[in-house]
Amino acid sequence: MAGSAQLVVVRYGAALGGTLAAVLLALVLQPTLDVSPFPIFLAAVTFSAWVGGMGPGLLATIGSVAMLDFLFFAPTFTLTVHYASDAVNLVVFAAVALLISSANARLRTARVRAEQVVEAQRDLERQKDEFLANVSHDLRTPLTAIKHSVEAILANEPKGTPEPFHDLFVNISESADRMAALVDDLLELTRLRAGKVRLQAAPADLRDVVRRAAGAIEPLASARGKRLELELPTDPLILSADAPRLERAPLNLVDNAQKHGRGVVRVRAVADGAQLVVSVTDDGPGIPASEQALIFERFYRADGARGRPGSGLGLPIARAFVELHGGRVWVESDPNAGSTFWIALPRESAV
Ligand code: ADP
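All figures in this text were calculated on a predicted structure; none of them were measured in a lab.

A. Representation of the site of the ligand within the structure. In the vicinity of the ligand lie 19 residues, with N256, D282, R301, S311 and L315 positioned nearest. At 3.0 Å from an oxygen atom of the ligand is found a main-chain nitrogen or oxygen belonging to G312. Backbone polar atom of G314 to an oxygen atom of the ligand: 3.3 Å apart, as the coordinates give it. Protein contact buries 96% of the 530 Å² of open area that the ligand shows by itself. When grouped by side-chain class, the residues that make up the shell around the ligand number nine nonpolar, seven polar and three charged.

B. Structural view of the pattern of salt bridges. Applying the stated criterion to the full structure yields 21 salt bridges. In this structure, R193 engages E125 in a salt bridge whose closest nitrogen and oxygen atoms are separated by 2.9 Å. Of the two residues, R193 is situated in helix α5 (residues 163-193) and E125 in helix α4 (residues 84-155); the sequence distance between them amounts to 68 residues. Given the relative accessible area of 41%, R193 is considered partly exposed. R298 is the salt-bridge partner of E125, the closest N and O atoms lying 3.2 Å from each other. With a gap of 173 residues between them, E125 in helix α4 and R298 in the loop between β5 (275-282) and α9 (314-324) connect regions that are remote in the sequence. Owing to a relative accessible area of 32%, E125 belongs among the partly exposed residues under this scheme. The buried category is assigned to R298, whose relative accessible area is 14%.

C. Looking closely at the environment of I295. Residue placement: I295 occurs in the loop between β5 and α9. Overall, the relative accessible area of 10% leaves I295 in the buried class. Taking C-alpha positions, I295 is 9.3 Å from L313, a pair spaced 18 residues apart along the chain. I295 has contacts with I287, Y300, L315, P316, V331 and F341, leaving out every residue within four places of it along the chain.

D. Inspection of the nonpolar core at higher detail. L206, F341 and I343 are the most contacted members of the largest nonpolar core, which totals 36 residues. Not counting the four nearest positions on each side in its chain, I343 is found in contact with A249, P250, L253, L276, V277, V278, V322, R328 and V329. With 17 residues, the next largest nonpolar core counts V23, I40, L68 and A97 among its residues.

E. The arrangement of the packing of aromatic side chains in detail. Inspection of the entire model under this criterion finds five aromatic pairs. Where F38 meets F93, the ring centres are 5.7 Å apart and the plane angle is 40 degrees; that geometry is what we call tilted. Placement of F38 in helix α2 (residues 37-52) and of F93 in helix α4 is noted, with a sequence separation of 55 residues between them. Ring centres 5.8 Å apart and planes at 80 degrees place the aromatic pair F70 and F77 in the edge-to-face group.

F. Structural detail: a nonpolar patch on the surface. Together, V8, Y12, L16 and L59 make up a nonpolar patch on the protein surface, roughly 330 Å² of accessible area in all. Looking at which element gives the most residues to the nonpolar patch, the answer is helix α1 (residues 2-33), with three residues.

G. Structural context of helix α6 (residues 206-223). Between its terminal C-alpha atoms α6 stretches 26 Å, which fits the 26 Å expected from 18 residues at 1.5 Å a residue. The largest bend in α6 is about 40 degrees, located at I217, with the proline P219 one to four residues further on. Listed in full, the buried residues belonging to α6 are L206, R207, V209, V210, A213, A214, I217 and A221. G225 sits one or two residues past α6 and shows a positive phi near 75 degrees.

H. Quick look at the packing of helix α3 (residues 54-72) against α4. Packing of α3 against α4 brings their axes to within 9 Å, and their N-to-C directions diverge by 160 degrees. With respect to α4, the axis of α3 lies roughly antiparallel. Where α3 crosses over α4, the two elements pack in a sense that is right-handed. Residues M54, G57, L58, T61, S64, V65, L68 and D69 of α3 form the contact with α4, whose own contacting residues are L90, F93, A94, A97, L98, S101, S102 and A105. Of the residues contributing to the contact of α3 with α4, the split by class is 10 nonpolar, five polar and one charged.

I. Quick peek at the sheet that holds strand β6 (residues 328-333). Read across the sheet, five strands follow the order β2-β4-β5-β7-β6 without closing on themselves; strand pairing throughout is mixed. Strand pairing shows two members of the sheet lacking a second neighbour, β2 (227-231) and β6, which therefore form its edges. On average, adjacent strands in this sheet sit at an angle of 15 degrees to one another, irrespective of strand direction. As judged from the seven bridges shared by strand β4 (residues 264-272) and β5, these two strands associate in the antiparallel manner.

J. Summary view of the layout of surface pockets. As a volume, the second largest pocket reaches approximately 280 Å³. Along the walls of the second largest pocket sit 17 residues, with L189, R193, P316, R319 and A320 positioned nearest its centre. Looking at the lining of the second largest pocket, the elements with two or more residues in it are α4, α5 and α9. Element by element, the count of residues in the lining of the second largest pocket is highest for α9, at five residues.

Calculation criteria
- Residues numbered from 1 in each chain as written.
- Predicted model: local features only at pLDDT ≥ 70, side-chain atom pairs only at ≥ 80, totals over all residues.
- Heavy atoms only, no water.
- Near = heavy atom within 4 Å.
- Polar contact = N/O pair within 3.5 Å; in protein donor to acceptor, adjacent residues only side chain to side chain.
- Areas by Shrake-Rupley, 256 points an atom, 1.4 Å probe, with all protein chains shown as cover.
- Nonpolar A, V, L, I, M, F, W, Y, C, P; charged D, E, K, R; others polar.
- Salt bridge = Lys/Arg side-chain N within 4 Å of Asp/Glu carboxyl O.
- Helix = DSSP H or I, 4+ residues; strand = E, 2+ residues; numbered from the N terminus.
- Buried < 20%, exposed > 50% of the residue type's maximum accessible area, 1.4 Å probe, protein only.
- Contact = heavy atoms within 4.5 Å.
- Core = buried A, V, L, I, M, F, W, Y, C linked by side-chain atoms within 4.5 Å.
- Phe/Tyr/Trp six-rings, centres within 6.5 Å; stacked < 30°, edge-to-face > 60°.
- Patch = residues over 30% accessible without salt bridge, like charges linked within 9 Å, V, L, I, M, F, W, Y side chains within 5 Å.
- Expected span 1.5 Å × (residues − 1).
- Bend = angle between axes of the 7 residues up to and from the residue.
- Axes fitted to C-alpha atoms, helices over the stretch in contact; angles between N-to-C directions.
- Parallel < 35°, antiparallel > 145°, perpendicular 65-115°, else oblique.
- Left-handed = near helix turned anticlockwise from the far one by under 90°.
- Pairing = 2+ DSSP bridges.
- 1 Å grid on protein atoms, 1.4 Å probe; cavity = no way out; pocket = protein on both sides within 12 Å on 5 of 7 lines; lining within 4 Å.
- Points joined across faces, edges and corners; volume = space filled by probe spheres on them.

Shown next, in the form of structure tokens:
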């Protein structure tokens, strides 16, 4: 309430201030340079309506007409006019000033609405983040209980347990693992978005980071009949990084590549001037240009990927970790010609 009263004072204060400035300027310029006072007062009206809207625009219009009449039209220092032409001039001025006020007031309303929409969107995002953080936190505890319980059952399974029961328990255990991974990703991403992740940087060899990421995915890839090919230089690729965290980026990219690719995934790392660059190339279906930016948004999954396991969190997490290291991630892809995901990191310490 106090804020809106303050705003009213500022808006009408601007109109009064603007009109007063026009009076002073017109008084100085009119006798010395023989400048018409009309444009000066129109500027004051425009300014008042732009800052304050219709009300202040009207106030400035009335003030300007009064001041023009009082100071510049005979008989001066009265609020009357002697010549009909002066009266016409003042009426035309008032009409133009009202038009300008109304146009500016509309622009101002549109501007204020746009700001409100942006603020409401920000608020919604904040609420969404909070909700996700709470939900994922609350899910973690019962999930751990399910996992421990089913593991205890599997470890103490009596001999002769029927096969279908055993399979069900294994299924519960694997599903709990998948869900825990998803919940962990959600927690990680909400912490990243809230700026709560602090990197522990140390000199690291990017070749090791890439090797470990590829090594973690290798068993899964070969179980699915895919091959990973690693091309790394003989010289070390040293940078300052929080290696375990940075590793999440190539890990998620290689995982995606083996998921979507048909046979071979190529993982390369090279030094390129002041940058170190990792690329992950697959021979999968590719990503249409219209979706290439969207896939880095959280929860976004391309049409073809819906209905398959996945959360739409892998790429946003990869991007967040790379950006925390001062780098960038992007994709180049032609539909039906596979995709290459790139990570570029500054050699010089960004963390
Ligand atoms: P997820 O893999 O869990 O769906 P990601 O954030 O890792 O989530 O990926 C988002 C979407 O981007 C995927 O659902 C898929 O549609 C698309 N995508 C990612 N990597 C590739 C790839 N190598 N080839 C084709 N599509 C991909």
